[in-house]
Amino acid sequence: MLILTCPNCGLAADETELSPGGEAHLKRFGPGSEDSDFEGYLFHRANPKGVHFERWRHAYGCGKWFLAARDTATLEVFGTYPAQTTEPPAEIITRIRARHPDWSPT
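Report follows, based on the coordinates.

What counts, and at which threshold
Residues numbered from 1 in each chain as written. Predicted model: local features only at pLDDT ≥ 70, side-chain atom pairs only at ≥ 80, totals over all residues. Heavy atoms only, no water. Helix = DSSP H or I, 4+ residues; strand = E, 2+ residues; numbered from the N terminus. Rg over C-alpha atoms; globule rule 2.2 N^0.38 Å. Buried < 20%, exposed > 50% of the residue type's maximum accessible area, 1.4 Å probe, protein only. Contact = heavy atoms within 4.5 Å. Areas by Shrake-Rupley, 256 points an atom, 1.4 Å probe, with all protein chains shown as cover. Lys, Arg positive; Asp, Glu negative; His and termini not counted. Charge placed at Lys NZ, Arg CZ, Asp CG, Glu CD. Core = buried A, V, L, I, M, F, W, Y, C linked by side-chain atoms within 4.5 Å.

Overview of the overall build of the chain
Of the regular secondary structure elements, the chain holds two helices and six strands. Compactness check: the chain gives a C-alpha radius of gyration of 14 Å against a globular reference of 13 Å for 106 residues, within 12% of the reference. Per-residue burial for the chain yields a buried fraction of 27% across its 106 residues. Once local pairs closer than 6 in sequence are excluded, the contacts in the chain between residues at least 24 apart make up 45%. With the model as given, the accessible surface of the chain reaches about 6,800 Å², and the carbon-plus-sulfur share is 51%. Within the chain, one finds 11 positive and 14 negative side-chain charges whose respective centroids are separated by 4 Å.

Digging into the nonpolar core
By size, the foremost hydrophobic cluster in this structure holds eleven residues: Ala24, Val51, Phe53, Leu67, Ala69, Phe78, Tyr81, Ile92, Ile93, Ile96 and Trp103. Contributions of two or more residues to this core are made by strand 4 (51–57), strand 5 (65–71), strand 6 (77–82) and helix 2 (90–99). It is helix 2 that contributes the most residues to this core, three residues altogether. Excluding anything up to four places from it in sequence, Trp103 contacts Val51, Phe53, Ile93, Ile96 and Arg97.

Shape descriptors only; they carry no functional weight alone.
Listed below in structure tokens is the structure:
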């Protein structure tokens, strides 16, 4: 079972208390953008096997959004951090590289 710690309220919650929000750190396109940009935002995602950065909402807790770094193949969680963060914190990158030395952010 996937268990994530909400960085907003500090509670460890299993996946039944959370709502997934898709891939993290995407540039969002909306009204007024080019059709191809909006299509890319909606439909073209990396969906890697391995290290992945995701958005989650603590639906049955504080209700706030946060980001998580985890391995999609093993469910290993490298850490969580606030949704307002524009890139993964250095300590999470260090944890990822400790387990996956050949990994590099794309």
